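This is what each chain is made of:
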Amino acid sequence: QVQLVESGGGLVQTGGSLRLSCAASGRTFSSYAMGWFRQAPGKEREFVAAISRSGGYQYYADSVKGRFTISRDNAKNTVYLQVNSLKPEDMAVYYCAASPVVSDNVQEYVYWGQGTRVTVSA
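We now turn to the structure provided with this report. It should be emphasised that the depicted structure is a prediction, and the values quoted were computed from it without experimental measurement.

## Overview of the pairing of strand 3 (residues 18-26)
Bridging between strand 1 (residues 2-7) and strand 3 involves 6 bridges; their strand directions are antiparallel. Bridged to Val2 within strand 3 is Gly26. Relative to strand 8 (residues 78-83), strand 3 runs antiparallel, the two being bridged by 6 bridges. Directly across from Arg19, in strand 8, lies its bridge partner Gln82.

## Thoughts on the nonpolar core
If you look at the biggest cluster of nonpolar residues, it comprises 36 residues, and the most contacted ones within it are Leu4, Met34, Trp36, Val79, Leu81 and Tyr94. Of all elements in the fold, only strand 1, strand 3, strand 4 (33-39), strand 5 (46-51), strand 7 (68-73), strand 8, strand 9 (92-99) and strand 11 (116-121) reach the threshold of two or more residues within this core. Residue contacts for Leu4: discarding those within four places in its chain leaves Cys22, Ala23, Ala24, Met34, Cys96, Ala97, Ala98, Tyr111, Trp112, Gly113 and Gln114.

Procedures and definitions
- Residues numbered from 1 in each chain as written.
- Predicted model: local features only at pLDDT ≥ 70, side-chain atom pairs only at ≥ 80, totals over all residues.
- Heavy atoms only, no water.
- Pairing = 2+ DSSP bridges.
- Helix = DSSP H or I, 4+ residues; strand = E, 2+ residues; numbered from the N terminus.
- Core = buried A, V, L, I, M, F, W, Y, C linked by side-chain atoms within 4.5 Å.
- Buried < 20%, exposed > 50% of the residue type's maximum accessible area, 1.4 Å probe, protein only.
- Contact = heavy atoms within 4.5 Å.

Shown next, in the form of structure tokens:
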């Protein structure tokens, strides 16, 4: 089992930034690729970014490329998502998740956190 707890969400103005964190406990964190997904009201959960076990490979959705950065610190069992230049369409609940493989497919992820809400004001 891997337990994931997100933090760092909040209210920010358009163009602002946040740093989301996801702390993991349980089985070996570095054994899993990690991903961030988001879900806006009335919409399906969508892929945002993923990072390999070592952190050497990152993969982004086109909608966030150049604005968001995923990183991880295996010594701290934590994955981060730096979100910059926020737009109203970025407003959602952001979830971190763990997978055996780097993937943009929600079905590949086996452990999920409870989410942290990001609200973007115009």
